Structures are given as structure tokens and as C-alpha cells.
Amino acid sequence: EEEVRAAACELPAAPTIINLEPKNLEQVLESIADVARTLDVPFDRVLAGLRGRIDNVVARGSRLNRRPRVALLEWIDPPFACGHWNPELVRLAGGIEGLGVEGEPSRMIEWQHVIEWNPEVIVIACCGFTVERTMEEISLLDSVPGWNDLAAVQAGHVHVVDGAAYFSRPGPRLVDSLEILVDCIENVGGRT
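Residues numbered from 1 in each chain as written. Predicted model: local features only at pLDDT ≥ 70, side-chain atom pairs only at ≥ 80, totals over all residues. Heavy atoms only, no water.

1. Details of the nonpolar core
Then step 1. Counting residues in each nonpolar core, the largest one holds 33 residues, and the members touching the most others are Leu89 and Leu181.
Then step 2. Among the elements of the structure, helix 2 (25–39), helix 3 (44–62), strand 1 (69–76), helix 4 (86–92), strand 5 (121–124) and helix 8 (173–189) are those that each provide at least two residues to this core.
Then step 3. Beyond its immediate chain neighbours, meaning those up to four positions away, Leu181 contacts Leu89, Val90, Ala93, Val123 and Phe167.
Then step 4. Counting 17 residues, the second largest nonpolar core, distinct from the first, contains Ile124, Trp147, Leu150 and Ala152. (Core = buried A, V, L, I, M, F, W, Y, C linked by side-chain atoms within 4.5 Å. Buried < 20%, exposed > 50% of the residue type's maximum accessible area, 1.4 Å probe, protein only. Helix = DSSP H or I, 4+ residues; strand = E, 2+ residues; numbered from the N terminus. Contact = heavy atoms within 4.5 Å.)

Structure follows, in C-alpha cells:
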């Protein structure tokens, strides 16, 4: 932030600088409001719409018969457990993310951690990769001891999603990411 402020002082007109470092979904929504206020554009209806969609997903997740074990991976070689808002998204969608920690950065883990967690749903959202680019790497998983024995693999509940468009960036598309997750999780958790 200090480097940005120093560089901004060199500009002919002093720009407004806002620091955006959200770590959870509420902070992402607050960042959207901060940007809108700074630009003096209306945002109440946009935020209300996003919050309404979030509430719909939370309601869907709360109607599950059970909360399945989920692994949302942000990288596969080496494996990275999800961080920041992503474990929260899994929880809101009705799953239990046992590898990532809400509000903390994503972190490198060992495949043994994934094997021990034995997720019932695996969502692979490689940071910055499209689905097509991630699919170029997916064959690496066949060489991971125990991969084919995981509950999610056995049941066909492994999902590759666009990490470049969803999950990785703190903006309105995180609500799309939440909706993607609930669709993946509902198939395993069942509905009451």
C-alpha cells in the first residue's frame, strides 16, 4: 500500500486510493460498496441482489439431509487447500471444508491430507486457470496414491471449475461461485 501511495504522489492529480484486502464474503461485499461510494455510483440494489442470492443459497444448504465433506482445491501440483472466503462459501452452501481455513490464505498441503479427509465432493478451481487449462493438468491426479479410492472420485463427484472467473477473485462473481458450490453439494447431501 505504501508503494502505491508513493507512486500516486507522483501523479499530476492526487487520486483517491482505497485499500481492498477482503478475507471473507462480507468484506468482499463491503469492498464493492467502498468502490461504488468512491466512484459515486449507486450500489444499494446491486448489493441487495447479491445478498438475496446468498440468502437463497444458504436456505438451499440448510435443507440438506447432511453436510458432506468437501475439498475445494486451488491448485493440484502441489495441492493447495482453499483459503480466504472459499471455506466460508463451502459452509454457506451446506458442505464442510476440512482442509481450508476461513479468513486465512490458501496453503500448500500434502496429498495425504486430502486422502485422510476423504472428501465426498471435490471442486478443483485452480487459481487463474480456465477449465480447459486445468484439464491439461488433471491427469496428474491419477499418479496420486489413493486418489482413485476417494469417496468423491468413486462416486463421480469431482468438479473442475473456472478458477480464473470464479472463486479466486474477490468480487460479485463469488456469489456465482457460491451457487456453483451448492449445485455440487446438493447432489451429495440430498434435500429434505
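2. Quick notes on the environment of Glu26
Then step 1. With respect to the helices and strands, the residue Glu26 is situated in helix 2.
Then step 2. Glu26 gets classed as partly exposed once you look at its relative accessible area, which sits at 33%.

3. Some words on the packing of aromatic side chains
Then step 1. Under the counting rule described, the total for this entry stands at two aromatic pairs.
Then step 2. Pairing Trp111 with Trp147 gives two aromatic rings, centres 5.9 Å apart and planes at 80°, and the pair type is edge-to-face. Residue Trp111 is located in helix 5 (residues 111–117), and its partner Trp147 is located in the loop between helix 6 (131–135) and helix 7 (151–155); the two are separated by 36 residues in the primary sequence. Assigned by exposure class, Trp111 and Trp147 land together as buried.
Then step 3. We note Arg173 situated over the ring of Tyr166; from NZ or CZ to the ring centre the distance is 5.6 Å. (Phe/Tyr/Trp six-rings, centres within 6.5 Å; stacked < 30°, edge-to-face > 60°. Lys NZ or Arg CZ within 6 Å of the ring centre and 35° of its normal.)

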